[in-house]
Amino acid sequence: MRGALRPGARAGLVGGAVLVYLALVGMLVKFEELRLVGSQVTRGRLLLVLPPFAASFFAVRPRVIGGRVEQPGPGVALALGAVAGALVGAVGSVGLALVEAIGVERIRPVFVAVSPALVETLTFGRGAAAGAAILVVGGAALGAAGGIWRAIRHGLRRPVEVGLLTVVTLAMLQRIVPFMLDELRLERDWLYSRATRGLTWTGAVVVLVVATAAAAYVLDRRERRALAPAAEGRPEVRGWRRTALVTIAVVLAAALPQLAGSIVSEIMGTVGVFLLLALGLNIVTGYAGMLHLGFSAFFLIGAYAVALLTGANLVTAFGLVAPRFSADLNFYLALVLVVAIGAAVGALVAAPVLRLRGDYLAIVTLAFAQIAVILATSSWLQPITGGPQGLRDVTKAPLLGLEFRSAERFYYLVLAFCVLAVFVSWRLAWSRVGRAWNAMREDEQVADAMGVPTGRYKMLGFAIGGAIGALGGALFAVKVGTVQPGSFEIIQSITVLAVVILGGLGSVPGVVLGALVLLALPGLLSQLEEFRFLIYGAVLVAIMILRPQGLIPNVRRMRELREEERTQDAWQQIFAARQEREAAEEAAEAAP
Amino acid sequence: MSRLLEVSGVVKRFGGLAALDGLELHVEEGEIVSVIGPNGAGKSTLFNVVTGLYPPDEGDVRFDGRSIVGLRPHQITKLGIARTFQTVHLFANMTVLENAMVGQHCRTRSGVFGAIVRPPSTRREEERIREVARRSLAFFGPRLAGYRQEQPAFVLSYANRRRLEIARALATEPRLILLDEPTAGMNPRETLEMRDHIVRMRDELGLTVVVIEHDMRVVKGVSDRVIACDYGRVIAQGTYEAVAHDPQVIEAYLGRRAVG
Amino acid sequence: MSEEATTVRRLGRVERLPTRRIVLTALSLGVGAAVAYGSYRTLTLPAGARYSGSAWRDFLVLGIAQGAVYALIALGYTLVYGILRMINFAHGEVFMAGAFGSFFFADAWKESGFLDRRPLLAVLLLVLIAMAVSVTVAVLLERIAYRPLRGAPRLVPLITAIGASLFLQNTFRGLFGAQTRGYPKPRVLEGTWSILGIPVQRVQVIVLVVAGVALIALTLVVARTKTGKAMRAAAQDQEIASLMGIDVDRVIVTTFVVGGMLAGIAGVLFALTFGNISYFMGFAPGITAFTAAVLGGIGSIAGAAVGGLIIGVLQSVGPALLLTGIHVPSPFQLKDVVTFLILILVLLFRPGGILGTGEAEKV
Amino acid sequence: MRKRTRFALVALVGALALVGAACAEGGGGGQTGPTGGTTTGGAADCEADPFGCVEVGAGEPITIGTLLAISGAVAFLGLDSQYGVELAVDYLDGAFDGNPGQIAGHDVQLVNEDDGCSAEGGQAGATKLAADPQMLAVIGTSCSSAALGVADQILADKGIMLISPSNTNPNLTAEGVWTGWYARTAHNDKIQGAIVANFAYDELGARTAATINDESPYADALAAVFRQVFESKGGTITAAEAIQSSDTDFKPLLTSIGQQSPDVLYFPDFNPACALITKQAADVPGLKDTALIGSDGCADPSYTDTAGDAADGAYISQPDTSAFQQGDFYQNEFLPAYEELVGKDPTAAFHAHAFDAFNILARAIEQVAIDNGDGSISIPRTALKDAVLATSGYQGIIGTITCNATGDCATEVTIGIYQVPDVPFLDPKAKPVFSQTLSLEEVG
């Protein structure tokens with residue numbers, strides 16, 4: 001029995017550590033205020049409930065024992081869960097006791113989040129002893145619930161999980177969805193309360209029921225389809241469905257500002273700008289295989305170039321003045337120049353460093369980006385770049401009398417260029433040029449020996465990547481209307497690289513999805529306030545561990561993966577066969 | 001017959017060690033020449049120098065009468081020299097067909113504009129690339145045909161990887177092909193098959209072939225002429241029989257008497 | 001001769017001239033001329049505007065001290081890179097963690113007077129504490145963020161490293177607050193000591209001594225001990241090393257432990273030199289140290305040390321020497337530009353870094 | 001695969017929720033939406049107001065946004081202001097007791113966004129805040145770059161007042177740039193720059209000066225104003241240097257400045273740069289007799305913590321709040337409450353400005369809110385803006401607040417020059433060595 005409870009103890013301690021972490025880092029208190037459902041379910045309370053529940057959920061996970069998957073039965077699950085949950089509570093109580101013993105005022109100079117408010121939260125306003133008791137007992141109860149939950153049949157559990165997740169998501173989006181509903185002129189008071197701003201209980205229940213039912217239906221259908229033998233003629237159906245899906249996607253993309261309103265348009269505008277950058281980087285890193293850590297340099301070049309070419313003003317302490325060099329071109333004319341500049345700079349930077357191996361190239365590109373930012377900030381170039389204060393009054397890209405000032409309009413501008421860039425990327429991928437890049441990425445020397453002029457193709461990759469990146473920069477300048485060096489720090493390069501790798505190196509749909517996930521999610525979840533980057537970092541780590549090949553791996557890597565699965569299958573078969581044999585031998589031995 | 005390849009006085013040093021030490025050899029058009037010699041004799045270095053991967057320290061390499069020293073590997077490939085590698089180097093994640101299509105790179109020219117706009121000329125060219133690649137793969141009969149062409153290269157068996165590497169070289173439409181141990185790691189049946197293919201390369205495709213080979217049955221079966229190397233020099237050349245009985249060659253292979 | 005000509009013609013666009021060599025030569029000549037000109041103009045400025053000899057000496061000493069800290073951080077990058085071929089972007093945060101961890105003790109000991117009473121012991125203890133904290137963070141980092149990705153595509157751990165870096169920064173902000181804090185220094189370390197007749201900041205002396213000892217210790221460990229051998233073996237080829245009975249996982253953990261220890265030392269030295277810490281402090285030195293590791297030849301221990309020193313000196317001497325004379329406003333703002341340009345130049349001529357191996361790929 | 005399905009499901013359920021909502025509307029729902037709510041007293045005002053009214057139903061909170069730099073390297077600045085706002089909400093009932101007070105009988109709901117201290121951060125945050133039809137006003141931004149031409153314009157387009165506690169860039173309230181919906185309790189750089197120049201030239205008798213500014217627009221502008229005024233008075237600028245705020249090693253730079261031995265070195269930066277400059281300047285022979293002057297960006301305890309003894313005798317320019325500190329509110333009530341909330345001394349100098357900004361806003365709301373008699377109120381947007389801009393003679397922590405025609409509410413600013421260790425962030429009763437009051441008109 002002691003051995004059996006070990007996973008519970010381990011999960012409980014980890015869960016306790018998480019609870020303490022959440023408390024110390026200040027999330028528990030900070031998140032208290034936001035109400036998710038009614039006035040009872042708050043973000044902070046949800047956070048408090050989560051560790052014991054999750055700990056027991058993990059404690060009760062199926063284990064592979066002796067090659068067989070074993071799912072603990074309900075009784076064991078209950079016990080294990082309760083142990084795990086109680087331990088989480090106990091760890092919290094120990095922390096609480098420590099705080100009481102040492103005194104809040106003495107801990108606080110070190111751990112700033114240990115405040116009377118935190119103690120209040122953790123003791124539920126009832127004093128230390130009662131608080132500790134509540135933590136342990138409540139933890140055990142939650143843990144037991146978590147254990148039982150895990151023991152429930154998958155087919156029942158899954159839909160409810162989806163339902164709950166939906167409720168929480170909608171509640172977290174309380175500063176977006178209600179306004180969307182408003183803009184669509186839909187009644188929303190039944191769903192979102194005006195007093196708490198969160199979901200109403202009615203709304204939450206309705207959403208839960210609907211989402212659960214929908215999930216159950218979909219999951220059930222999928223399972224059944226998976227079991228059914230492949231029907232004939234399905235490829236055509238698929239083709240038809242794909243067309244329909246693409247059509248729906250296009251219509252949705254086109255109607256997005258009308259449907260979703262300004263916040264989503266704004267976020268999508270940012271996503272679009274970064275998508276352009278990511279597509280550019282995807283050509284350099286994904287197609288041609290050269291690690292580029294300083295892609296924000298093209299972003300900067302595009303933005304400054306368009307600002308200077310279309311007559312933006314310098315910001316100084318004494319008002320706005322014209323930069324020392326500038327032109328007053330039409331935006332679209334300027335854009336052609338900007339793209340050319342981006343390509344030229346890309347090629348020029350690449351030229352001297354073509355021989356460098358991957359990581360050295362990475363640091364050189366990083367240096368290149370740093371140099372660009374420092375020069376843009378410098379007093380030396382201030383008469384042109386405006387130094388720290390930058391340039392403002394960038395053109396709003398008037399086209400036939402139409403300006404792209406509002407987030408909704410800008411969305412269309414950036415959408416158009418994104419579609420263009422996706423098209424170009426896609427065409428390039430499946431062409432002689434794309435093949436040459438691919439060969440180079442696989443093995444540079446052999447590609448050279450097979451007749452691919454690798455130097456030229458590297459430069460070409462940099463040039464095209466740079467051109468697309470500069471285009472992104474130009475649109476960024478139009479979007480913000482202001483160009484400042486602070487917008488082009490290294491972190492932007494890193495974000496773009498993360499988009500490409502997260503999405504799947506070399507995969508255009510992957511890059512699109514990566515941009516949506518990495519840039520839209522933090523924008524949407526602004527509920528996380530100052531903890532945004534903390535959670536962003538954690539999510540980045542988690543996603544990469546769970547899906548190292550990217551969200552949508554490119555076709556070539558997908559093949560690689562299937563192969564892995566196949567080998568795994570083979571191993572399992574061998575393993576199973578051996579087990580069978582061993583079992584038979586054992587049986588034979590046991591027989592008299 | 002004219003001299004297609006002429007290597008004269010080539011020296012290539014790595015650190016203090018001379019892998020090629022004043023190597024002299026030539027290959028006539030339409031010939032099949034085997035290069036033999038013990039490990040470290042400089043055979044692969046010879047290929048690397050000829051194909052431009054290593055610049056020679058001294059000496060000259062002439063192809064079809066012109067010096068090709070200082071040219072980049074892709075330029076040499078474009079002139080008509082193709083090669084395979086001692087250890088297989090495929091583009092593992094590309095399909096079999098794509099691997100062969102890369103070989104056509106130097107014979108085609110459509111660029112970024114063509115890729116994006118895809119005018120009729122590009123489409124025709126792409127069609128041609130595909131055609132040549134298929135033909136090169138078809139050289140090995142059913143081995144690399146059919147569904148295999150859409151598979152990624154890394155799923156191929158070892159022998160097929162060797163074959164694909166040769167097919168990729170053939171797809172560059174060379175005049176001279178350099179094969180670096182094409183039968184290494186193959187079983188006896190596959191080895192014999194490869195021997196026939198080497199002969200077919202000259203007879204059917206009209207290629208000049210230089211092959212580095214350890215398997216003496218193959219060497220005997222294909223060679224018009226055999227060149228034996230040791231210490232970066234040619235120690236004997238001539239017919240198989242002559243070279244095989246050359247005392248210097250025998251000594252090189254059977255080991256030198258230790259000094260003293 | 002005529003044959004040559006026909007070849008060139010037939011090759012068409014194909015170049016025969018070693019373009020690269022020409023470009024490189026032109027570039028080096030240009031840069032050399034610019035450096036010479038800039039230095040000449042600076043050194044011949046009118047007497048009032050010219051730097052005195054002691055100013056140059058101070059620049060140099062400062063650069064070396066700063067460089068020693070960079071070198072310690074750079075070693076963390078180099079060690080991890082050597083074995084995992086991965087840029088550990090979160091290493092700057094490991095460094096920050098050490099400085100932060102020791103801060104609270106330093107602060108308390110300043111209050112209690114222990115720091116001034118027994119400065120040597122106190123600093124030693126601070127270093128140990130910082131090492132402990134940094135090692136903990138480094139090992140957790142490896143366990144949670146990197147180990148599950150062993151064998152994943154090469155760039156993937158780079159992203160988890162970035163994620164971990166953000167996570168750690170914000171964790172420290174949440175735990176200990178957002179503001180910059182003053183890091184106390186034992187009174188003994190105020191002021192200067194005279195070494196060979198040159199007045200040197202006492203803290204800088206400590207920095208140089210500690211960094212030197214750490215470097216020598218590390219070199220000995222890697223060269224002499226069994227663990228060191230295992231590390232070198234794993235750096236050569238993990239697979240073979242594991243076949244030879246080396247527990248590669250353990251070697252990797254050891255690497256992170258060693259890197260963490262050095263980062264912890266660097267953290268305290270940095271905090272003592274500049275007297276302040278903040279949760280953001282790891283980022284900029286991290287990038288610089290990484291640059292130093294590459295400049296010296298990433299994967300090479302001596303390279304990291306040399307790279308760190310060169311970068312330190314370049315940053316403090318470079319802008320003054322090269323830019324003042326040609327009247328670029330605010331030359332020190334451009335110190336990173338100077339540093340990075342020199343880095344690029346070095347890599348052009350020595351693609352493997354100053355002490356790096358060329359590592360020619362074999363076909 | 002599993003995950004993708006889950007995302008798809010979430011999307012599907014979202015769509016279903018929309019459909020559900022549509023049905024609810026069709027069926028009448030049975031709940032009353034405030035948009036259709038009846039207004040009695042304020043109907044005329046609301047109709048007259050080009051931006052209409054914000055209707056706050058009975059029991060519903062008043063929504064006020066903050067748009068401050070709460071993450072990244074400048075989090076210390078934005079969080080400090082945010083705490084100021086939170087304390088102001090707490091103090092609405094006249095006591096710092098942890099229980100929030102009310103405005104016009106309604107709770108206050110704060111919606112916090114991050115301005116990222118950048119133009120694009122300001123744009124994203126302002127767009128999100130502006131999308132909320134209930135959004136009445138926003139306290140922000142922390143950084144001038146987030147407001148200038150970005151947040152100020154986006155919010156103005158929606159008739160949402162933006163009141164900044166810490167923007168000091170002169171352009172924001174400059175003729176032709178001011179949006180009409182922007183006000184600030186922070187002092188215009190023009191005043192601080194001018195007073196520091198006066199102090200240096202007249203009081204210290206300095207004739208040569210050097211400046212060091214970091215890459216923030218704040219520092220760049222302040223240093224520029226200082227240089228201009230100092231030169232216009234007849235002084236000479238020997239060096240106008242710039243640094244990166246992440247730099248730690250300023251010795252070479254200071255040595256080069258020391259070549260000219262200027263009488264004054266002005267560095268309007270943030271810590272740790274301020275502190276490191278001060279500390280390292282002590283070791284530079286050329287700067288032995290140079291007076292060091294930092295700005296309000298330097299004014300927090302880490303300045304002296306880091307610089308140590310080297311800071312002794314250095315000057316810090318910051319708003320002279322001594323007159324009000326003697327009133328004890330700041331010392332005896334505000335600061336303890338701040339420490340209670342945050343667990344630390346203030347990290348920056350603008351919490352008081354944020355507190356005051358919120359209070360003039362709250363006062364204006366009280367003034368213009370129209371009580372509909374049923375517990376709901378209507379707040380006309382334009383009237384609210386006018387009421388804020390009409391603030392006159394309000395006694396805040398930072399002094400008497402009177403807004404001028406272009407939104408500068410700290411119009412008569414008293415900047416004190418303090419000398420370490422006699423500085424407010426070390427000794428709350430500190431007295432400045434020099435104090436001057438200038439109005440915006442005087443500095444032009």
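Residues numbered from 1 in each chain as written. Chains lettered and ligands numbered in written order. Predicted model: local features only at pLDDT ≥ 70, side-chain atom pairs only at ≥ 80, totals over all residues. Heavy atoms only, no water.

### Some words on the pattern of salt bridges
- Per the stated rule, a full pass over the model turns up 36 salt bridges over all chains.
- Between E126 of chain B and R435 of chain A there is a salt bridge, with its nearest N and O atoms 2.9 Å apart. Here E126 of chain B is found in helix α5 (residues 120-138), whereas its partner R435 of chain A is found in helix α17 (residues 432-442) on a different chain.
- Within this structure, E29, D64, R66 and R175 of chain B form a network of salt bridges that share partners. (Salt bridge = Lys/Arg side-chain N within 4 Å of Asp/Glu carboxyl O. Helix = DSSP H or I, 4+ residues; strand = E, 2+ residues; numbered from the N terminus.)

### Digging into the interface of chain D and chain A
- Residue-level contacts link 71 residues of chain D with 68 residues of chain A.
- Both faces combined, the contact of chain D with chain A buries some 5,800 Å², and carbon together with sulfur accounts for 57% of it.
- In this structure, the salt-bridge partner of D132 of chain D is R197 of chain A, at a minimum N-O distance of 2.6 Å.
- Remark: the boundary between chain D and chain A carries 12 residue pairs in polar contact (both at pLDDT 80 or more).
- Counting residues per element, the side of chain D that touches chain A draws most heavily on helix α1 (residues 2-26) of chain D, at 16 residues. (Contact = heavy atoms within 4.5 Å. Buried area = accessible area lost by both parts, 1.4 Å probe. Polar contact = N/O pair within 3.5 Å; in protein donor to acceptor, adjacent residues only side chain to side chain.)

### With respect to the pairing of strand β6 (residues 161-164) of chain D
Residues and elements named next belong to chain D.
- Of the two faces of β6, the one holding M161 and I163 and the one holding L162 and S164 are both buried throughout.
- As paired strands, strand β5 (residues 135-140) and β6 are joined by 3 bridges and run parallel to one another. Residue pairing across strands places V138 opposite L162, the latter belonging to β6.
- Handedness of the crossover is the feature at issue here: the chain leaves β5, passes through helix α5 (residues 144-157), returns alongside β6, and the resulting connection is right-handed.
- Inspection of the sheet shows β6 paired to strand β7 (residues 182-184) by 3 bridges, in the parallel sense. Bridge assignment links S164 to a residue of β7, and that residue is R184. (Buried < 20%, exposed > 50% of the residue type's maximum accessible area, 1.4 Å probe, protein only. Pairing = 2+ DSSP bridges. Right-handed = clockwise from strand over helix to strand, strands pointing away.)

### Notes on the packing of aromatic side chains
- Inspection of the entire model under this criterion finds 48 aromatic pairs over all chains.
- With a centroid separation of 5.5 Å and 75° between ring planes, the pair formed by Y411 of chain A and Y412 of chain A is classed as edge-to-face.
- On the accessibility criterion, Y411 of chain A (5% relative accessible area) is buried.
- Given the relative accessible area of 31%, Y412 of chain A is considered partly exposed.
- Ring pairs connect the aromatic residues Y83, Y91, F96, F329, Y330, F334, Y338 and F355 of chain D, which therefore count as one cluster.
- Taking the ring centre of F57 of chain A as reference, the NZ or CZ of R150 of chain A above it sits at 4.2 Å.
- When the ring centre of F91 of chain B is taken as reference, the NZ or CZ atom of R168 of chain B above it lies at 4.8 Å. (Phe/Tyr/Trp six-rings, centres within 6.5 Å; stacked < 30°, edge-to-face > 60°. Lys NZ or Arg CZ within 6 Å of the ring centre and 35° of its normal.)

### Comments concerning the confidence of the model for chain C
All names here are of chain C.
- For chain C, mean pLDDT is 80; residues scoring 70 or higher make up 91% of the total.
- Contacts from residues 1-17, a stretch scored under 50 in pLDDT, to residues over four places away or in other chains number 20 contacts.
- Per-residue pLDDT stays below 50 along residues 358-363; that stretch engages in 8 contacts with residues further than four places along the chain or on separate chains. (pLDDT = per-residue confidence, 0-100.)

### Remarks on the environment of T77 of chain B
- Counting through the fold element by element, T77 of chain B comes out in helix α2 (residues 73-79).
- Using a relative accessible area of 3% as the deciding quantity, one classes T77 of chain B as buried.
- In this structure, the C-alpha to C-alpha distance between T77 of chain B and G114 of chain B, residues 37 residues apart in sequence, is 23 Å.
- In contact with T77 of chain B, not counting residues within four places along its chain, are D448, A449, M450 and G451 of chain A together with C106, R107 and T172 of chain B.

### Observations regarding α17 of chain A
All names here are of chain A.
- When you tally the buried positions in α17, you get 9 out of 11 residues, the bulk of the element.
- Among the residues making up α17, those that are buried are R432, V433, G434, R435, A436, W437, N438, A439 and M440.
- Structurally, the start of α17 carries an N-cap: the backbone nitrogen of V433 is 3.2 Å from a side-chain oxygen of S431.

### Brief notes about unusual backbone geometry
- With omega at 0°, the peptide bond leading from G140 of chain D into T141 of chain D counts as cis.
- For T141 of chain D, the position within the fold is in the loop between β5 and α5.
- Going from N271 of chain D to P272 of chain D, the amide bond is cis rather than trans, its omega being 5°.
- Residue placement: P272 of chain D occurs in the loop between β10 (264-267) and α9 (273-281).
- At E173 of chain B, a residue that is not glycine, the phi angle is positive and equals roughly 50°.
- With respect to the secondary-structure elements, E173 of chain B resides in the loop between α6 (158-170) and β7 (176-180).
- Not every positive phi belongs to a glycine, and C117 of chain D is a case in point at roughly 55°.
- Note that C117 of chain D resides in the loop between β4 (106-114) and α4 (119-130).

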